[in-house]
Amino acid sequence: MVGYDPEAKCVSTAEAAAAGSASGFVTRVLVSPLDVLKIRFQLQIEQLSSRNPTAKYHSILQAVQCIFREEGLTAFWKGHVPAQFLSVGFGAVQFMAFESLTKLVHNVTSFNARDSFVHLVCGGLAACTATVAVQPVDTLRTRFAAQGEPKIYPNLRHAVVTMYQTEGPRTFYRGLTPTLVAIFPYAGLQFFFYNILQQFSKWVIPDEAKNGASVKNLVCGSCAGVISKSLTYPLDVVKKRLQVGGFEHARAAFGQVRTYEGLLDCMRQIMREEGPGGFFKGLSPSLLKAAFSTGLIFFWYELFCGLLCAMKSPESTKRKEG
């Protein structure tokens, strides 16, 4: 169902956008706590270890207890409003662009639209398109998730106005370069491995076993998310560090803060001060999030597309007329 299928032809571009938005919305609600943990870990300069007395967060369990004790349960959904705008917008643009690009490949080239390599390239390009469209919201989401108590930004409107007035419009695109550099292979590999795993599952599971199709989509998506996230994770850390530039006063309670002049300077400072392990801070919650979010994204997208196709089927039309 993911990508243009010349044999099916039951999901239009607009319907792909709607299904992508819906899948992003549902998934974001479920994985937001893992996202907050991941961002907090990525932004911490100190080593993530209980042996380091200056480190605020040591492990996933300790961080959960610390955030809950200091900020309450709702802290795990900090930045949820901009995050939902991000998920809904990104899902709509990404899947709409992916369906359009795979259809274009099928119509104007000799490549098969269902080929894994085509999904790799089209998935990367679709994600880059979606990233440019929603990058300002991603920056807002990161700042909301990063701030502690008392809050610097009490609401979304205040954050937008304050950032624009004090830092200028370019601040909403902080970290765009590493984001684009990272998102192309990350999203491309997601679609690539999802396609390969789906083909493998068809070989392993007989066609008659249709009852487990939803579970299969979930498992294939989760595996694709873990593999792609592991391969592209360091650039995600750099992106998060750049996105909170100019926001150092709100990070003081969490430990050391740093300012970076750009992508290369950020990478040099992380390597010099934190070593290679600094590029993999927050990897554990990030992999958990990648497994859940990617699996759920593909699961819900396939489900919503299936429902849209079922609503347009002749049997459904006859039942409505009857």
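Bear in mind that the values here come from a model prediction, so they are computed numbers and not experimental data.

Quick notes on the rules
Residues numbered from 1 in each chain as written. Predicted model: local features only at pLDDT ≥ 70, side-chain atom pairs only at ≥ 80, totals over all residues. Heavy atoms only, no water. Axes fitted to C-alpha atoms, helices over the stretch in contact; angles between N-to-C directions. Helix = DSSP H or I, 4+ residues; strand = E, 2+ residues; numbered from the N terminus. Parallel < 35°, antiparallel > 145°, perpendicular 65-115°, else oblique. Contact = heavy atoms within 4.5 Å. Nonpolar A, V, L, I, M, F, W, Y, C, P; charged D, E, K, R; others polar. Buried < 20%, exposed > 50% of the residue type's maximum accessible area, 1.4 Å probe, protein only.

J.: Please clarify how the packing of helix α1 (residues 13-43) against helix α2 (residues 60-71) should be interpreted in this entry.
T.: Geometrically, a packed helix pair is captured by the angle between its two axes and the distance between the axes. Axis separation between α1 and α2 bottoms out at 11 Å; the angle between their running directions is 100°. Between α1 and α2, the angle is such that the two are roughly perpendicular. Only Ile-60, Ala-63, Val-64, Ile-67 and Glu-71 of α2 make contact with α1, whose side of the interface consists of Leu-37, Arg-40 and Phe-41. Residues that form the contact of α1 with α2 fall into these classes: 6 nonpolar, no polar and 2 charged.

J.: Just to check I follow, could you spell out the environment of Gln-42 for this structure?
T.: Counting through the fold element by element, Gln-42 comes out in helix α1. According to the relative accessible area criterion, Gln-42 is buried, its value standing at 0%. Sequence separation between Gln-42 and Val-137 is 95 residues; the distance between their C-alpha atoms is 19 Å.

J.: Sorry if this is basic, but what is going on with the environment of Phe-279 here?
T.: Within the secondary structure, Phe-279 sits in the loop between α8 (263-274) and α9 (283-312). Separated by 44 residues in the primary sequence, Phe-279 and Leu-235 have C-alpha atoms spaced 7.7 Å apart. In contact with Phe-279, not counting residues within four places along its chain, are Tyr-233, Pro-234, Val-237, Val-238, Met-267, Ile-270 and Met-271.

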